[in-house]
There are 2 protein chains.
Amino acid sequence: MKKYFKVDAWNIVEDNFMEEKNKISESIFSIGNGYMGQRGNFEEDYSGLTLKGTYMAGIYYPDRTRVGWWKNGYPKYFAKVLNSTNWIGIKVNVNGKCFDISRCKIESFKRVLNMREGYLYRQVIATFKDGERIKLETKRFVSIVSKEIGAIKYSITPLNFSGEISFFPYLDGDVRNADANYGEKFWSEVSKGIRKNEAHLLIKTKKLDFYLCSCMKYYIVSESKKHKLRYKEASKEKFVGSKIKLWLKEEEEVSLFKYVSNVTSRDFKIEELINKGKEILDSAVKKGFDSLLYEQAKAWINKWEKSDIVIEDDLEAQQAIRYNIFQLNQTYTGEDSRLNIGPKGFTGEKYGGGTYWDTEAYCLPFYLATQGKEVARNLLLYRYNQLEKAKENAKKIGLKKGALYPMVTMNGEECHNEWEITFEEIHRNGAIAYAIYNYVNYTGDKEYLKRYGIEVLVELSRFWEERVNFSCDKNKYVILGVTGPNEYENNVNNNWYTNRIAAWTLEYTIEILEEFKSYSALKVKEKEVNKWKHIVENMYYPIDKNLGIFLQQDGYLDKEQLTVKDIPKEELPINQKWSWDRILRSCFIKQADVLQGLYFFQHLYDIDTIRRNFEFYEPKTVHESSLSPCIHSILACKLKKIDKAYELYLRTARLDLDNYNNDTNDGCHITSMAGTWMAVVQGFGGFYIRKDLIFLDPIVPDNWRGFSFNVMFREKLIKVKVDKNFIEVKNEGENAINIIIKGKTYNLEGGKTVIHK
Amino acid sequence: MKKYFKVDAWNIVEDNFMEEKNKISESIFSIGNGYMGQRGNFEEDYSGLTLKGTYMAGIYYPDRTRVGWWKNGYPKYFAKVLNSTNWIGIKVNVNGKCFDISRCKIESFKRVLNMREGYLYRQVIATFKDGERIKLETKRFVSIVSKEIGAIKYSITPLNFSGEISFFPYLDGDVRNADANYGEKFWSEVSKGIRKNEAHLLIKTKKLDFYLCSCMKYYIVSESKKHKLRYKEASKEKFVGSKIKLWLKEEEEVSLFKYVSNVTSRDFKIEELINKGKEILDSAVKKGFDSLLYEQAKAWINKWEKSDIVIEDDLEAQQAIRYNIFQLNQTYTGEDSRLNIGPKGFTGEKYGGGTYWDTEAYCLPFYLATQGKEVARNLLLYRYNQLEKAKENAKKIGLKKGALYPMVTMNGEECHNEWEITFEEIHRNGAIAYAIYNYVNYTGDKEYLKRYGIEVLVELSRFWEERVNFSCDKNKYVILGVTGPNEYENNVNNNWYTNRIAAWTLEYTIEILEEFKSYSALKVKEKEVNKWKHIVENMYYPIDKNLGIFLQQDGYLDKEQLTVKDIPKEELPINQKWSWDRILRSCFIKQADVLQGLYFFQHLYDIDTIRRNFEFYEPKTVHESSLSPCIHSILACKLKKIDKAYELYLRTARLDLDNYNNDTNDGCHITSMAGTWMAVVQGFGGFYIRKDLIFLDPIVPDNWRGFSFNVMFREKLIKVKVDKNFIEVKNEGENAINIIIKGKTYNLEGGKTVIHK
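Quick caveat: nothing in here was measured; it's all calculated off a predicted structure. (Residues numbered from 1 in each chain as written. Chains lettered and ligands numbered in written order. Predicted model: local features only at pLDDT ≥ 70, side-chain atom pairs only at ≥ 80, totals over all residues. Heavy atoms only, no water.)

**Focus: the interface of chain B and chain A**
Alright, step 1. On the chain A side, the residues contacting the 46 residues of chain B number 46 residues.
Alright, step 2. Ranking the residues of chain B by area buried against chain A places Trp69, Asp558 and Arg585 of chain B at the top, with a combined share of 19%.
Alright, step 3. The interface formed by chain B and chain A contains eight salt bridges.
Alright, step 4. Where Arg467 of chain B meets Asp581 of chain A, a salt bridge forms, and the shortest distance between an N and an O atom there is 3.6 Å.
Alright, step 5. Seen at the junction of chain B and chain A, the total is 28 residue pairs in polar contact (both at pLDDT 80 or more).
Alright, step 6. Sorting elements by how many residues they give to the side of chain B that touches chain A places helix α14 (residues 580-585) of chain B first, with five residues. (Contact = heavy atoms within 4.5 Å. Buried area = accessible area lost by both parts, 1.4 Å probe. Salt bridge = Lys/Arg side-chain N within 4 Å of Asp/Glu carboxyl O. Polar contact = N/O pair within 3.5 Å; in protein donor to acceptor, adjacent residues only side chain to side chain. Helix = DSSP H or I, 4+ residues; strand = E, 2+ residues; numbered from the N terminus.)

**Thoughts on the pairing of strand β16 (residues 232-236) of chain B**
All names here are of chain B.
Alright, step 1. Pairing of β16 with strand β17 (residues 239-248), which is carried by five bridges, proceeds in the antiparallel orientation. By the bridge assignment, Lys236 is partnered in β17 with Phe239.
Alright, step 2. The hairpin turn running from β16 into β17, its antiparallel successor, is two residues long, and Lys238 in that turn takes a positive phi close to 60°. (Pairing = 2+ DSSP bridges.)

**A look at the sheet that holds strand β25 (residues 693-696) of chain B**
Residues and elements named next belong to chain B.
Alright, step 1. Within the open sheet, the four strands sit side by side as β24-β25-β29-β30. Their pairing is mixed. Each of the sheet's edge strands pairs with one partner strand only, and the pair in question is β24 (687-690) and β30 (744-748). When strand polarity is set aside, the average angle formed by the axes of neighbouring strands in this sheet is 25°.
Alright, step 2. By the bridge criterion, four bridges tie β25 to strand β29 (residues 737-741) in an arrangement that is parallel. (Axes fitted to C-alpha atoms, helices over the stretch in contact; angles between N-to-C directions.)

**Describing the sheet that holds strand β7 (residues 97-98) of chain A**
Residue and element names in this part refer to chain A.
Alright, step 1. Strand order in the open sheet formed by five strands is β7-β6-β12-β17-β16, and the pairing between neighbours is antiparallel. Of all the strands in the sheet, just β7 and β16 (232-236) have a single pairing partner and so form its edges.
Alright, step 2. Examined bridge by bridge, strand β6 (residues 90-94) and β7 share two bridges and lie antiparallel to one another. Within β7, the position partnered with Val94 by the bridge is Lys97.

**Thoughts on the UniProt feature "domain: Glycoside hydrolase family 65 central catalytic" (unreviewed entry) in chain A**
Alright, step 1. Within the UniProt annotation, "domain: Glycoside hydrolase family 65 central catalytic" (unreviewed entry) is assigned to residues 322-678 of chain A.
Alright, step 2. Secondary structure across residues 322-678 of chain A divides into 51% helix and 3% strand, with the first and last C-alpha atoms of the span separated by 13 Å. (UniProt positions renumbered as here; feature names shortened; annotations may be inferred.)

**Quick notes on the packing of aromatic side chains**
Here the distance between the centres and the angle between the planes together describe a pair of aromatic rings.
Alright, step 1. Scanning the entire structure with this criterion turns up 123 aromatic pairs over all chains.
Alright, step 2. Between Tyr154 of chain B and Phe167 of chain B, the ring centres sit 6.4 Å apart and the planes meet at 90°, which makes this aromatic pair edge-to-face. Of this pair, Tyr154 of chain B sits in strand β11 (residues 149-158) while Phe167 of chain B sits in strand β12 (residues 163-172), placing them 13 residues apart in sequence. Each member of the pair Tyr154 of chain B and Phe167 of chain B is classed as buried.
Alright, step 3. Summarising the aromatic geometry, the rings of Tyr437 of chain B and Trp504 of chain B are spaced 5.2 Å apart at their centres and angled 85° between planes, so their arrangement reads as edge-to-face. Of this pair, Tyr437 of chain B sits in helix α9 (residues 428-443) while Trp504 of chain B sits in helix α11 (residues 496-516), and the two are 67 residues apart along the sequence.
Alright, step 4. Exposure remark for Tyr437 of chain B: the relative accessible area of 5% places this residue in the buried category.
Alright, step 5. Ring pairing ties together the aromatic residues Tyr434, Tyr437, Tyr497, Trp504, Tyr508, Tyr599, Phe600 and Phe601 of chain A, which thus form one cluster.
Alright, step 6. The side chain of Lys71 of chain B reaches across the aromatic face of Trp580 of chain A, ending 4.1 Å from its centre. (Phe/Tyr/Trp six-rings, centres within 6.5 Å; stacked < 30°, edge-to-face > 60°. Buried < 20%, exposed > 50% of the residue type's maximum accessible area, 1.4 Å probe, protein only. Lys NZ or Arg CZ within 6 Å of the ring centre and 35° of its normal.)

**As for the environment of Lys638 of chain B**
Residue and element names in this part refer to chain B.
Alright, step 1. Secondary-structure assignment places Lys638 in helix α17 (residues 628-638).
Alright, step 2. Between the C-alpha atom of Lys638 and that of Tyr74, which follows or precedes it by 564 residues, the distance is 41 Å.
Alright, step 3. In this view, Lys638 contacts Gln602, Ile607 and Ile610; residues no more than four positions away in its chain are not counted.

**Quick word on the environment of Val478 of chain B**
Alright, step 1. By the element assignment, Val478 of chain B lies in strand β21 (residues 476-478).
Alright, step 2. Assessed through its relative accessible area of 0%, Val478 of chain B is described here as buried.
Alright, step 3. For Val478 of chain B and Pro542 of chain B, which are 64 residues apart along the polypeptide, the C-alpha to C-alpha distance reads 9.9 Å.
Alright, step 4. When near neighbours in sequence (up to four residues on either side) are disregarded, Val478 of chain B contacts Asp558 of chain A together with Val468, Asn469, Ser471, Asn494 and Tyr540 of chain B.

**Some points on unusual backbone geometry**
Residue and element names in this part refer to chain A.
Alright, step 1. The omega angle of the peptide bond from Leu572 to Pro573 is -10°, so this bond is cis rather than trans.
Alright, step 2. With respect to the helices, strands and loops of the structure, Pro573 is situated in the loop between β23 (549-550) and α13 (574-577).
Alright, step 3. Residues other than glycine seldom take positive phi values, yet Leu208 does so here, at roughly 70°.
Alright, step 4. With respect to the helices and strands, Leu208 occurs in the loop between β14 (198-205) and β15 (211-222).
Alright, step 5. Taking relative accessible area as the criterion, Leu208 reaches 48% and is therefore assigned partly exposed.
Alright, step 6. Phi angles above zero are rare outside glycine, and Asn662 is one such case at about 55°.
Alright, step 7. Within the fold, Asn662 resides in the loop between α18 (642-653) and α19 (670-684).
Alright, step 8. With a relative accessible area of 51%, Asn662 lands in the exposed category.

**Structural notes on the relation of the copies chain B and chain A**
Alright, step 1. Expressed as a screw transformation, the operator carrying chain B onto chain A has a rotation angle of 180° and an axial translation of 0.1 Å, and the superposed copies differ by an RMSD of 0.1 Å. Considering both components of the superposition, the chain copies are consistent with a two-fold axis. Of the C-alpha atoms belonging to chain B, the one lying closest to the rotation axis is found on Val67 of chain B, 2.5 Å away.
Alright, step 2. Here 100% of the interface residues in chain B have copies in chain A that are interface residues too; the copies meet face to matching face. (Least-squares fit on C-alpha atoms with pLDDT ≥ 70 in both.)

**Digging into the UniProt feature "active site" (unreviewed entry) in chain A**
Alright, step 1. Listed under "active site" (unreviewed entry) in the UniProt record, and renumbered for this structure, are Glu487 of chain A.
Alright, step 2. Not counting residues within four places of it along the chain, the set of residues in contact with Glu487 of chain A comprises Met407, Ile421, Glu425, Trp580 and Lys590 of chain A.

**Some points on the packing of helix α9 (residues 428-443) of chain A against helix α11 (residues 496-516) of chain A**
Residue and element names in this part refer to chain A.
Alright, step 1. Running from N to C, α9 and α11 cross one another at 45°; their axes reach a closest spacing of 9 Å. Between α9 and α11, the crossing angle belongs to the class labelled oblique. Handedness of the α9/α11 crossing: left-handed. Touching Gly430, Ala431, Ala433, Tyr434, Ile436, Tyr437 and Val440 of α9 are Ile501, Trp504, Thr505 and Tyr508, all from α11.
Alright, step 2. Looking at the contact of α9 with α11 residue by residue, the classes come out as nine nonpolar, two polar and no charged. (Parallel < 35°, antiparallel > 145°, perpendicular 65-115°, else oblique. Left-handed = near helix turned anticlockwise from the far one by under 90°. Nonpolar A, V, L, I, M, F, W, Y, C, P; charged D, E, K, R; others polar.)

**Things to note about the pairing of β12 of chain B**
Working note: regular strand, side chains alternate between the two faces of the sheet.
Residues and elements named next belong to chain B.
Alright, step 1. A large share of β12 lies buried, amounting to nine of its 10 residues.
Alright, step 2. When β12 meets β17, the two strands line up antiparallel, connected through eight bridges. By the bridge assignment, Ser166 is partnered in β17 with Lys245.

**Description of the state of the cysteines**
Covalent bonding between the sulfur atoms of two cysteines defines a disulfide.
Alright, step 1. All chains considered together, the criterion is met by zero disulfides over all chains.
Alright, step 2. The cysteine Cys630 of chain A is free of any disulfide, with Cys363 of chain A supplying the nearest cysteine sulfur at 10 Å. (Disulfide = S-S within 2.5 Å.)

**Overview of the side chain of Thr54 of chain A**
Alright, step 1. Looking at the secondary structure, you find Thr54 of chain A in strand β4 (residues 54-64).
Alright, step 2. Since its relative accessible area comes to 5%, Thr54 of chain A is described here as buried.

**Here's the deal with the side chain of Thr609 of chain B**
Residue and element names in this part refer to chain B.
Alright, step 1. By the secondary structure assignment, Thr609 is in helix α16 (residues 607-617).
Alright, step 2. Residue classification places Thr609 among the buried positions, given a relative accessible area of 9%.
Alright, step 3. The contact partners of Thr609, leaving out residues within four places of it in the chain, are Phe550 and Leu598.

**Regarding helix α12 (residues 526-537) of chain B**
Residues and elements named next belong to chain B.
Alright, step 1. For α12, with 12 residues, the first-to-last C-alpha span of 16 Å sits near the 16 Å given by 1.5 Å per residue.
Alright, step 2. All of the buried residues along α12 are Glu528, Val529, Trp532 and Ile535. All buried residues of α12 fall inside an arc of 115° around its axis, so they share one side. Of the exposed residues in α12, those oriented more than 90 degrees away from the buried face are Glu526, Lys527 and Glu537.
Alright, step 3. Elements that come into contact with the buried residues of α12 comprise α10 (446-467), β21 and α11. (Expected span 1.5 Å × (residues − 1). Arc of directions from axis to C-beta.)

This is the structure:
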């Protein structure tokens, strides 16, 4: 019963309205353009279950921290993405009665997200209690061509009566966040105006002074074209709109075109906002709805050119991967280095919309491989620009030097307030170093490394230098009191993954420093580098020689050694069924931890080491983070465990479409969608880059045919098609590349294709 | 500047009013009688710094949990001791102007807590802005003879004028808790009445339906005796009072006697409350203020007979130990087994007023040794009566059997909501077993053990049986994921103290079961006992052979090994200056942990083992819990480190009087006061009981003379006097006791005295 969307290669289709599922559907049907976005809310009033959400990227509120027991070092606030002006709203009355789907009898209902062309469509046939039967048809999109523009075509046809229909399009800034620590409202009004079919609303946040100006204009078009329009303006605190009444004949369709621009003080001077908003709006109105939608479709089709993945003969997998790619492209376009990728994108408020290590560990490869250098570079610059804040953050936890990037952030300041996460999940610093390495491998952009990257690496290394300590007992460097990627363990000593990525960061920094001979410019002392070398050479790694595995942390083998199969089904997921304490004591793992390290550093370990660790840890992993199955799926592919890989892939690919974790109503798992992309391309595609070499070692499920994907490498598109009998690789660039397909090396010239049989 | 009370053997004296210190003084001058109590607030209006607090033992409010990030297993509420009806209030007007000390010029001020007789005295000479100079004199007490009764004598003399004085005594139930998670008020009105000089107010808590009825009556007495009294009644929501005006001649003293009874639905039927309250009040009024106060003084002097400690020639130490004994006797009288000892007693709201392991580990010895069997037994019964709730609590954290007593509780349900404490600080179960052992040693009361104690021990043992797990790696039983008494480490493995007290509990339970041969009555299976034996024999204890010490937990020696001397002074206390993460990673210890175990089990370890551990751990201990120095002081005495012992003793003895931790304004550290008593009697007195033997090995600071104390043993008073040249022990009982004084054994007959030279 969980699956209720129709399976289709290019569309998400809901063709039966289920009130109790509406919040899930609202998440799924979210639209966005990297600059703004919104949940798939209805335009007209709706009294059923709904989570209203309209979001502007980069506009947030510092919501005062809520805490049970304060610990020194906690931040004063948690930055929250803001539910902002509801600009889609259109109240509709039919013969004086409010049109509200939840109060009508619904004869047919269809909601379609057209992913290929980037718009949301709805068609409803509804009957009022008093018998009026109407047809509703809507199209809505936020433009990826003019990012400030949203447009709606909202059409109504009275099917069995002639009567009065009134429309009341409005802008409503009097909105709340569902997630507000103290129930406050976050916006206050600055100014507003309404005249006939035109309105604007300028509001600002109560803290930090973000200004948002929304401008709207609307038009009525009907068959008869002879309606005399009389606008009745209305306004109240943070709200403007105007009402018009029409007398429609039976079967006469009327369409309302609502155009809106949203401009903010992030891009314009405050005093210019209203004029800029009107200007941008006017030029959109001038183009008209159909042209705007045509532009939109063209731009989306262009995006698909680079990022599409084709999986023939497995329609569910095809739809899922396209949905994931679509959402990723809706969430982040890489035009603005002040922005990042919140865990829910524009689909909900959960987790505050801040930046997590998900960006570097999971999302970056997708953007690197499908959007290329400029987009990915902006993700890196985001962290570079926050380096000073990260240095302050290291000081706040009591270190004298180095940078600690926050666990959750908007502007570089830490937001999260659980000591075991905020202070201890410091491996996040490692992922930021790894992202730089990843970026250089994909793009070859050493210029970035020289100008920005190396500075970040040095500060990360300084952090690790101070955060390790020398254990006289072990005669090694240790890292005490950390939480690894597996958050089902807290405050452990010598988490293998953390120790490994710390040492690797030091190694990589030293390598780059030596390559660039840039010690002095960065004020790196030789003494420092020597200390780093000493740490690298003397880092302690917990291992078990008998089992031939790396130990997740000191003492892991003291736990009762069980596998997930030993947990009764009714006790899953354990994070809902078990006390926290029982989870901590158990051997069960939330998400890849040792295996996350083996995924990152697969080039440094032989296949048997990877196998032994995979076979030990995967059966103990409950995959209760949406970021878990993808990493395991990739490693399973590498180990040629195709059934396991496919099973794990399915858990992540349709996570939201099938509401696998029962939480899609809060929003979609955007960053996890990038993990799905990785599972397809790096897992089944066996795609891997090491310095300037491309490795391809595809292994595809039996039910897949016509599997193809694209990847960017050194700014050129490589097109890969995998078949049972051959692998075809096309180098769309000009220069030759070295590619190793299933262990065989090819020097593939630009514009050419090789076929591996 | 911190010390501002006069040093005096029997009184706490403040003789200079400092507004900024008033909240500290209010804590210090708190009075109570085990049933009710209150901070040393003024009767008249006061607009300066104040924390109003009147508390009824056992009346609490389940305040909805406030939390940053919810973890499964957290309780829904935190029970809070309730600020309840302010019954001391008397508004005073002089020539129509409100008398408020903070708005007058204070010529002289004296506040005295008479500990010997149990009352609070105040004398003030104040001048109004307009020049009226008045003298105020008050006496107030809560009766330890009639626990429901409080009485106030409130006298005013106009010194330089004749004029109008009005009094407005009232009962005010419209009060707030300073500590309320969501700012709610907790009381609602049921009924009230006021007629002339008599009033009653019946209120109930908004949850749990505790009813509190306060009745008052007041009288005016003056020299002239001819005042015509006209009462002007007043009432509003949760408030009643009446006003009278008097015309006083210059130098004519007038006294208002206010008598109050407070009765609750904990003791009486709701419908009887008003009548019972009036009845009890009437019988107090009949006695009159002077008789009531005489009774009070007599009863307190009786209490001192049993519990006094004399330290001649060290007046600060003398005052301190008496203050501590006084507060302990005010807080808990042992008449009601539903009551316990909150960390702040009746002196403040902090920590919610619930029961902590402080009771068993620190308070019980005081009550055992000074109040004897019945009082101590009620402390044990408190836990026995909550055994079913403790079993539920074990289930909540996912265990199938056994009992886990809560970290903080009112009625047996857990209140605390920090996972590292709530779920992990399970050593508290050990202290509850140890308390039973302690009780039996002091009292010889095996009947209690048979009827109640053994049942608790069995459930505690079942808890440990399930909570340990067998480590195949170590081939031993381990206890993972705990927090020891040192809360500056969380989620550690194999905390030595926890492992030790767990195994000891199993051993003691087995011993008692075998003594009583009561397996079957308690449905204890032989299989269970065999499992317990197996655990006892195969428990893992972390040790370091080179250092010859027990390790606080696995991996403790991986930390950078420093001592408190290495911390710059300005960084102390670390819990205010360091981030939580830095504290966790450091080797610094909040309070006795391994040493707490060596204190409990000193009979099981040789003196060199105790010395090695003391010398290793004490220098790493920051003593940032008020419960820490006392245990260290006792062990230092045992190791004949008298200077260290005295230094540590001073940190605890005058903790509140000298506001050592800058937090006395919140209330006094009541449970820590019992620790001070232990430091004196068990430390310097060297008093120790093992089964039916008394050990005495006093070692006293050079500046002490005439040091004597009393202890109850097997229901008889033993009087000990320690001098430089001899130790005198008097057995006031009838039967002989075996006593070992400084290693020499005496069989001391009843009624006899021995002198050891």
